[in-house]
Each structure stands twice: as C-alpha cells, then as structure tokens.
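# Descriptive structure summary
Chain residues, written in single-letter form:
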Amino acid sequence: MTLESSAPPLIFGGTAQSPRAALPTLPPLALYIHIPWCVRKCPYCDFNSHTASPVLPEEEYVDALLADLDQDLHAVYGRELSSIFFGGGTPSLFSAEALGRLLKGVEQRIAFASDIEITLEANPGTFEQEKFVAYRKLGINRLSIGIQSFQEEKLKALGRIHNGDEAVRAAGMARQAGFDNFNLDLMHGLPDQSLDDALGDLRQAIALKPTHLSWYQLTLEPNTVFWNQPPTLPEDDTLWDIQEAGQALLAEHGYAQYEVSAYAQPGRAARHNLNYWSFGDFIGIGAGAHGKLSHPDGRIVRTWKTRLPKDYLNPAKSFQAGEKALTNEELPFEFLMNALRLTEGVESHLYPQRTGLTLESLAEGRREAEQSGLLQVEPSRLAATMRGQLFLNDLLQKFLT
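Residues numbered from 1 in each chain as written. Predicted model: local features only at pLDDT ≥ 70, side-chain atom pairs only at ≥ 80, totals over all residues. Heavy atoms only, no water.

## Side note on the confidence of the model for the chain
Within the chain, residue pLDDT values average 92, and 95% of them lie at 70 or more. Contacts of residues 1–17 to residues separated by more than four positions or lying in other chains number 39 contacts, the stretch itself having pLDDT below 50. (pLDDT = per-residue confidence, 0-100. Contact = heavy atoms within 4.5 Å.)

## Re the domain arrangement of the chain
Split by domain assignment, the chain resolves into domain 1 (29–274) and domain 2 (328–400). Its C-alpha centre places domain 1 at a distance of 29 Å from the equivalent point of domain 2. Opposite the seven residues of domain 1 that make contact, domain 2 presents four residues. Buried surface at the junction of domain 1 and domain 2, summed over both partners, amounts to about 510 Å²; 59% is from carbon and sulfur atoms. It is Tyr258, Glu259 and Val260 in domain 1 that bury the most area against domain 2; as a group they hold 61% of the surface buried on that side. (Domains from an automatic or database assignment. Buried area = accessible area lost by both parts, 1.4 Å probe.)

## Section: the layout of surface pockets
Roughly 270 Å³ of internal volume is contained in the second largest pocket. Lining the second largest pocket are 13 residues; nearest its centre among them are Leu274, Leu342, Glu344, Gly345 and Arg381. Of all the elements in the fold, those that place two or more residues in the lining of the second largest pocket are strand 9 (256–259) and strand 15 (346–347). Among the residues forming the lining of the second largest pocket, the class breakdown is six nonpolar, four polar and three charged. Each of two domains, domain 1 (29–274) and domain 2 (328–400), supplies a minimum of three residues to the lining of the second largest pocket. (1 Å grid on protein atoms, 1.4 Å probe; cavity = no way out; pocket = protein on both sides within 12 Å on 5 of 7 lines; lining within 4 Å. Points joined across faces, edges and corners; volume = space filled by probe spheres on them. Helix = DSSP H or I, 4+ residues; strand = E, 2+ residues; numbered from the N terminus. Nonpolar A, V, L, I, M, F, W, Y, C, P; charged D, E, K, R; others polar.)

## A few points about the pattern of salt bridges
A full pass over the atoms with the stated rule returns 15 salt bridges. Here Arg271 and Asp115 are joined by a salt bridge, their closest N and O atoms 3.7 Å apart. Placement of the pair is Arg271 in helix 9 (residues 271–277) and Asp115 in strand 5 (residues 111–122), with a sequence separation of 156 residues. Three or more residues are tied together by salt bridges with common partners; here these are Asp68, Asp72 and Lys305. (Salt bridge = Lys/Arg side-chain N within 4 Å of Asp/Glu carboxyl O.)

## With respect to empty space enclosed by the protein
Counting across every chain of the model gives one cavity of 30 Å³ or more. As for the largest cavity, its lining consists of Asp72, Phe282, Ile283, Gly284, Gly291, Lys292, Leu293, Val301 and Thr303. Residue assignment for the lining of the largest cavity shows that the elements contributing at least two residues are strand 11 (281–285), strand 12 (290–294) and strand 13 (300–305). Looking at the lining of the largest cavity residue by residue, the classes come out as four nonpolar, three polar and two charged.

## With respect to helix 1 (residues 58–72)
Its 15 residues place the ends of helix 1 21 Å apart at the C-alpha level, agreeing with the 21 Å of an ideal helix rising 1.5 Å per residue. Where helix 1 is concerned, the buried positions are Glu58, Tyr61, Val62, Ala64, Leu65, Leu66, Asp68, Leu69 and Asp72. (Expected span 1.5 Å × (residues − 1). Buried < 20%, exposed > 50% of the residue type's maximum accessible area, 1.4 Å probe, protein only.)

## What to know about the packing of aromatic side chains
Taken as a whole and judged by the stated rule, the model has 13 aromatic pairs. What links up through ring pairs into an aromatic cluster is the set Trp37, Tyr61, Phe94, Tyr312 and Phe319. Just above the ring of Phe179 sits the side chain of Arg136; from NZ or CZ to the centre is 5.8 Å. We note Lys292 situated over the ring of Phe279; from NZ or CZ to the ring centre the distance is 3.8 Å. (Phe/Tyr/Trp six-rings, centres within 6.5 Å; stacked < 30°, edge-to-face > 60°. Lys NZ or Arg CZ within 6 Å of the ring centre and 35° of its normal.)

## Focus: helix 2 (residues 96–109)
Taking 1.5 Å as the rise per residue, helix 2 with 14 residues should run 20 Å; its terminal C-alpha atoms sit 20 Å apart, in good agreement. Taken as a whole, helix 2 has its buried residues at Ala96, Ala98, Leu99, Gly100, Leu102, Leu103, Gly105 and Val106. Where helix 2 is buried, its residues meet strand 1 (29–35), helix 1, strand 4 (80–88), strand 5 and helix 3 (129–137).

Next comes the structure, spelled out in structure tokens:
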C-alpha cells in the first residue's frame, strides 16, 4: 500500500511538460482485502490493525466488503482478477464460512483468471488444522505465515502471541492442509540480536522448506510503541554482517532474491506483490485499504478507504475516504520507486505502457544515475545496480529536479 503525501507534487526532470498518451493496454488487475483485527497489537506494527473483541463482526464485515467492492466495479468492468491477497491484521481470525461467502461474492462480481493466486496472511497462534483444510478447499492456494523469529526471548520482545514450537508446527500444518506454496515472514535486526541469532532463525526457516521467504530488517516506525520506547537494536556493523551472511545462506539453498526483502524458489515469486512492484492495478477494499486503477484514457487514480473499523461498518459513512489522480509530475516517481525495488528491474517498454509517458522523459535522470553507478547501463531495462539497490533513495533522487 502506498500512503499519500501532503507534500507538494514531485517534479521529475523533463516530465513537467510531457504529454501523456492513452494507455495501449491496461495492466493486470489484483484485489487486496484488508481484515483489520489482531489478537494483540505488536509494538513494532504500523499497519491498520486493531485488537479484536471476543466476537468478531464477520457477517457485517463481509457485507461491507462486498458493498465496498460494488462501488469500485464501474472502474474495472470487463477485466479479470489475476490475484487476491487477504492482509491485515490477522485474516486467519475469520472463519472459513465467512471467507467462503466473501470469495463467492467477489467471483460473482469479477471473473477470476484460470490460474488466480489467492493468498491469506496467517499467524502461528491462529493455526487450526481443520480451519486451514477448509481454507484450501475454498480455493485459497497460498499462505503467508508471520513467524518473525523462532527464539522465545525475541518473540516476547516483539509482542508475538506464538512460541517457536508453534511456528515450526504451523509450517507443517500448512503443508498437511494442502498448501504446497507458502511464505514465511521473518525479521532480522531484532533487539539485542547477534549474527548467530539471526542466522539460526534463517536456518530454521529454510529447514521448513517454504517456497518463499520474506526476510527483512526491523525498522522503528512512527506511531508505534517501539518508536516511543525504542529497544536496543544491533549496531550497523552487525546489521551489515547479518545481511551479507543471510543473503549468501539463502542463495546457497536455492532462494533467489528478486526484491529488496523477497526470496523465492524458482517460479514461486509472489505474483500479487510483483503486480504492485511492476505498477499493476489493484482494487483495495476493507478498512484503510488502498487501491490504484488505470483507465483507458490515461488517468491513473489512487484511492483509500475509511480507516477505523467502526466507521467502515457505519452505514452513514462512506467507504471511500479519498482519491487522487496522479499527475505527469508524480507518475515517474510512483513507477520507479516500485520497479527499482526489483533486483532485475523491469523492461524499459513497461514505463510508457504503464504510465503513458515517453522513455525520453527519463533521459536526463537516467544518464546521471548511470554515470553515478546506481543504474545499469542497459537500454532495454530499467534496473538498479547492486550499489543502486543499497542506495535506492539516492538513485531515485537522480530523477528529481
């Protein structure tokens, strides 16, 4: 999800006067569904999540999600969904019955691609074998399991509700339930974490044979407990050692890095997230969900929904909190800040295809970035060098005036 900024529009070199063409083809379309409740709010989490009451308003929330989707249908008529992602919060708190009714309602409104990827986020503390077998029967074919660490003291520091044994069992239960494609979420740079601690977590995760690993560094975000009461995090030298050794270990076991924090076995990259990073389209429904939709006339519009669950469920309030049509000045940054996260970047022709702007509009910034060793000298691709991946903000600055 991309949060909108109240800052003045960003102006890229050469794009202020560039005409925007009608889009020759519309990008793939995905659906993001936000379930905002968790058993407990973690101290590092800045997502739109709220502590669940003993009884969740499943029926009312599913009704609201479908009504929310109905209001977006006019913008996607005739298109099909390539992926669906249930994010949160903790979507696995919802029953299979509720998710089944929701998926059926979505498919009645928008056609599913024959090979659609449907991902559900889940936490080990919410795993129930019978429930996950039922999820698989609904057509959910990918899980993303929030492990974060296998070590008791680290889990306690992170405010997680599961322990290391439950995390290990969750992966086995996912496979037994019929999921042959699942991701494990794992953090490094945790409070007082050593290199050996971090690699121990990573080795345990690899031993569980997930098809995908999201391995990323803990950062302190505003409006979180950790921001206001910062824990003691590893020194920069230790963080660098963890990053280098961890990437080598993942590569040794066949996990190719394809994005800043995403590693996958061959053919198992997350299609939903690839759509984000290649500037694809997505509908966002649910409390606080964001969306981005392209129109044949060249307009590209971002939307965001009402954030608080009580407001989202209030029939007197609108689902949509706001929308913004992206300007020519904003589009290059919007495109590049996603595409350049991919280790192989994107083919150059995707830029005019997804934005309606010409490649020539990037020429000055591209030349400066190549001369600085941040962007690969490759006419057919827009891709950061290894140095550019490490200093992505510096690379993006080359396109700003």
